[in-house]
Amino acid sequence: MKKILLLPGDGIGPEIMEQAKKVLACFPNLFECEEGYIGGAAIDKFGNPFPEITLKQSTKADAVLLGAVGGPKWDSLSSENRPEKGLLAIRKALGLYANIRPVDIWKSLIDLSPLKPSLLKDVSFVVVRELTGDLYFGTPRGYRVEKGSRIAFNTMIYSEEEIKRIAHTGFTLARNRKKKLCSIDKSNVLEAMVLWREIVEEVHRDYKDIALSHMYVDNAAMQIIKRPADFDVILTPNMFGDILSDEAAVLSGSLGLLPSASLGIKHALYEPIHGSAPDIAGMGIANPIGMILSVAMMLETSCDSADLAFKIRHAVAAVLDAGLRTKDIWSNGMALASTDEIGTRIAESILT
Ligand code: IPM
Ligand code: MG
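As a convention, each chain's residues are numbered from 1 in the sequence order in which they are written. To label them, take the chains in the order written and letter them from A, then take the ligands in the order written and number them from 1. Predicted model: local features are reported for residues with pLDDT of at least 70 only, side-chain atom pairs are reported and counted for 80 or more only, and whole-chain, interface and lining totals are derived from all residues. Note that the side-chain values use all heavy atoms of the structure and ignore hydrogens as well as water.

**So, the overall build of the chain**
Consideration 1: Only DSSP runs of H or I reaching four residues or more are called helices, and only runs of E reaching two or more are called strands; each is numbered from the N terminus. When you go through the chain residue by residue, the secondary structure sums to 12 helices and 14 strands.
Consideration 2: C-alpha atoms define the radius of gyration in this analysis, and the globule rule sets the expected value at 2.2 Å times the number of residues to the power 0.38. Compactness check: the chain gives a C-alpha radius of gyration of 20 Å against a globular reference of 20 Å for 352 residues, within 12% of the reference.
Consideration 3: Counting only C-alpha atoms and orienting by the principal axes, one finds that the chain spans roughly 60 × 50 × 40 Å.
Consideration 4: By the burial criterion, 51% of the 352 residues in the chain qualify as buried. With a 1.4 Å probe rolled over the protein chains alone, any residue whose accessible area is under 20% of its type maximum counts as buried; one over 50% counts as exposed, and the rest are partly exposed.

**Examining helix α3 (residues 52-60)**
Consideration 1: Residues Thr54, Gln57 and Ser58 constitute the buried set of α3. Looking straight down α3, one finds its buried side chains confined to an arc of 95 degrees; they lie on one side. Opposite the packed face of α3, turned more than 90 degrees from it, sit the exposed residues Glu52, Lys56 and Lys60. The arc in question is formed by the directions pointing from the helix axis toward the C-beta atoms.

**Some remarks on the site of ligand 1**
Consideration 1: Taken together, Glu84, Leu87, Arg91, Arg101, Arg129, Tyr136 and Asp242 make up the full set of residues near ligand 1.
Consideration 2: Think of a polar contact as two N or O atoms within 3.5 Å of one another; within protein, one of them needs to be a possible hydrogen donor and the other a possible acceptor, and neighboring residues in sequence only count if both atoms come from side chains. Between ligand 1 and Arg101, the relevant distance is 2.8 Å, taken from an oxygen atom to a side-chain nitrogen or oxygen of the residue.
Consideration 3: Between ligand 1 and Asp242 there is a distance of 2.9 Å, counted from an oxygen atom to a side-chain nitrogen or oxygen.
Consideration 4: Its free accessible area being 320 Å², ligand 1 has 77% of it covered by the protein chains.
Consideration 5: By residue number, the principal contributor to the shell around ligand 1 is helix α4 (residues 83-93), which donates three residues.
Consideration 6: By the convention adopted, Pro, Cys, Tyr, Trp, Phe, Met, Ile, Leu, Val and Ala count as nonpolar, Lys, Arg, Asp and Glu as charged, and the other residues, Gly among them, as polar. Residue composition of the shell around ligand 1, by class: two nonpolar, no polar and five charged. Put simply, a residue is near a molecule or strand once any heavy atom of it comes within 4 Å of that molecule or strand. Surface accessibility in these figures is a Shrake-Rupley result with a 1.4 Å probe; residues are shielded only by whichever protein chains are displayed.

**Some details on the pattern of salt bridges**
Consideration 1: Here a salt bridge means any side-chain nitrogen of Lys or Arg lying within 4 Å of a carboxyl oxygen belonging to Asp or Glu. On inspection of all chains with the given rule, the structure shows 18 salt bridges.
Consideration 2: A salt bridge links Arg82 to Asp75; the shortest N-O distance between them is 3.3 Å.
Consideration 3: Of the charged contacts in the structure, one is a salt bridge between Asp209 and Arg175, with a shortest N-O distance of 2.9 Å. With Asp209 in the loop between α7 (191-204) and β9 (211-216) and Arg175 in helix α6 (residues 160-175), the pair connects residues that are 34 residues apart, well separated along the chain.
Consideration 4: You can call Asp209 partly exposed: its relative accessible area is 36%.
Consideration 5: Salt bridges sharing partners connect three or more residues here, namely Glu18, Lys21 and Glu35.

**As for the sheet that holds strand β12 (residues 268-272)**
Consideration 1: Here a strand pair is declared whenever DSSP counts at least two bridges between the two strands. Across the sheet, 10 strands lie side by side as β2-β1-β3-β12-β11-β4-β5-β10-β8-β9; this open sheet has mixed pairing. Each edge of the open sheet carries a strand with a single partner, namely β2 (31-35) and β9. Direction aside, the axes of adjacent strands within the sheet are offset by 20 degrees on average.
Consideration 2: Taken together, the five bridges between strand β1 (residues 2-9) and strand β3 (residues 63-68) define a ladder with parallel strand orientation. Bridged to Ile4 within β3 is Ala63.
Consideration 3: Working rule for contacts: check all heavy atoms of both residues, and any pair within 4.5 Å makes them a contact. Lines are fitted to the C-alpha atoms to define the axes, a helix being fitted only along its stretch in contact, and any angle between axes, read from their N-to-C directions, falls within 0 to 180 degrees. Along the sheet, helix α1 (residues 13-24) makes contact with β1, β2, β3 and β12, crossing β1 at roughly 155 degrees.

**Digging into the packing of aromatic side chains**
Consideration 1: Any two of the Phe, Tyr and Trp rings considered here, Trp counted by its six-membered ring, make a pair once their centres fall within 6.5 Å; the pair's planes then place it as stacked at under 30 degrees, edge-to-face at over 60, or tilted in between. Within the structure shown, the criterion is met by four aromatic pairs.
Consideration 2: A ring has a charge above it when a Lys NZ or an Arg CZ is no more than 6 Å from the ring centre and no more than 35 degrees off the ring normal. In this structure, Lys45 is placed above the aromatic ring of Phe46, and the distance from its NZ or CZ to the ring centre is 5.9 Å.
Consideration 3: Above the ring of Phe137, the side-chain terminus of Lys92 is found at 4.7 Å from the ring centroid.

**With respect to the domain arrangement of the chain**
Consideration 1: Taken domain by domain, the chain comprises domain 1 (1-109 + 262-352) and domain 2 (114-252).
Consideration 2: Placing the centre of domain 1 and that of domain 2 at their C-alpha centroids yields a distance of 24 Å.
Consideration 3: In this complex, domain 1 contributes 16 residues to the contact, which on the side of domain 2 involves 23 residues.
Consideration 4: Here domain 1 meets domain 2 over a buried area of about 1900 Å², counting both sides, of which 63% is carbon and sulfur.
Consideration 5: On the surface where domain 1 and domain 2 come into contact, there are zero salt bridges.
Consideration 6: Where the side of domain 1 that touches domain 2 is concerned, the elements lending two or more residues are α4 and β4 (98-104). A domain assignment, automatic or from a database, supplies the domain bounds used here. Summed over both partners, the accessible surface that disappears when two parts come together, traced with a 1.4 Å probe, is what is meant by buried area.

**A short note on a nonpolar patch on the surface**
Consideration 1: Nonpolar side chains collect at one region of the surface, where Tyr37, Phe46 and Ile53 lie side by side and expose about 280 Å² of accessible area between them.
Consideration 2: Tracing the backbone through its elements, the reader meets Tyr37 in the loop between β2 and α2 (40-46). The residues that make up patches have over 30% relative accessible area and no salt bridge, and they are joined within 9 Å when like-charged or within 5 Å when they are Val, Leu, Ile, Met, Phe, Trp or Tyr.

**Let's talk about the environment of Pro237**
Consideration 1: Here Pro237 is to be found in the loop between β10 (233-236) and α9 (238-251).
Consideration 2: By relative accessible area, which is 0% here, Pro237 ends up buried.
Consideration 3: Residues in contact with Pro237, not counting those within four places in the same chain, are Arg129, Glu130, Asp134, Tyr158, Ile184, Met193 and Trp196.

**A look at the pairing of strand β5 (residues 124-130)**
Consideration 1: Most of β5 sits out of view: six of its seven residues are buried.
Consideration 2: Pairing of β4 with β5, which is carried by seven bridges, proceeds in the antiparallel orientation. Its bridge partner lying in β5, Val103 is registered against Phe125.
Consideration 3: Examined bridge by bridge, β5 and β10 share four bridges and lie parallel to one another. Across the sheet, Val126 pairs through a bridge with Val233, a residue of β10.

Next up, the structure:
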């Protein structure tokens, strides 16, 4: 029995988590699930976006499954107390330094992408984003008034060890894929990125079978759109990875489709890459597929059950092939389905 901690969070988080639960219920006796609070939901209940109790629950769990955090209700809080702080705090506390965001195109959705179908042929890459360093966590950081004028600052900082371990993650992944790794930096301007490139080069000596290339982040933003099929593993620092992974998600047609895994030495957390979408929360129109595919990643990576992950992906494909669509991926001639219906249909398909 694997212990799974479910953290639905805010906005559409709870409704997509309900769909994940339907999928988990297809595999009885494999999991023991417990629920907890993070983000705005935890602020409301405990006055803290990552309370002690959630820390305890998550360190005991074999894996954490998370919905999304954030919303306008908490927007006026200081950055230390915002729901997003809960997500950053759990990543740091569990040592989840490697964020894996696969970008695949579903055949039945190819026309939804803003890119021409000809550019999308053979697109399948994975963004490997460093998740516990960089501007997100670097100190000093601050926001203050000096001589009557406001100043604010953050620090982009990386240690050798931090870059090394994420580079190993990237190269190891590339070994089981197309054996290509493109490392993203801004070493033409930033010292932290000069070190990034140096270390990636050094780690590459252990992976001579992998073709390594380097790209400045501005150029990468362009190349991901111009020739997405050329990428295999994209290795990126935290801040650039946040930006590039949203850009990359658009290729698939909707941000709502993409799952992610955040991995450390001892812990793992799985979550869709999209946010809490407060504007559509509670309307029953959110796309649960990114969440459900995160369950598949969890089964594969934390539960040694690649076969069950395959079943889930197969069921997602079957439901899409049957023409069922949530609003974000709906097009003429397709059947508009609610969050709940999509979840139910995917679960049914797993069981058939
Ligand atoms: C993501 C999100 C988070 C991030 C936010 C919600 C803190 O955008 O997971 O990509 O910036 O990492
Ligand atoms: Mg993001």
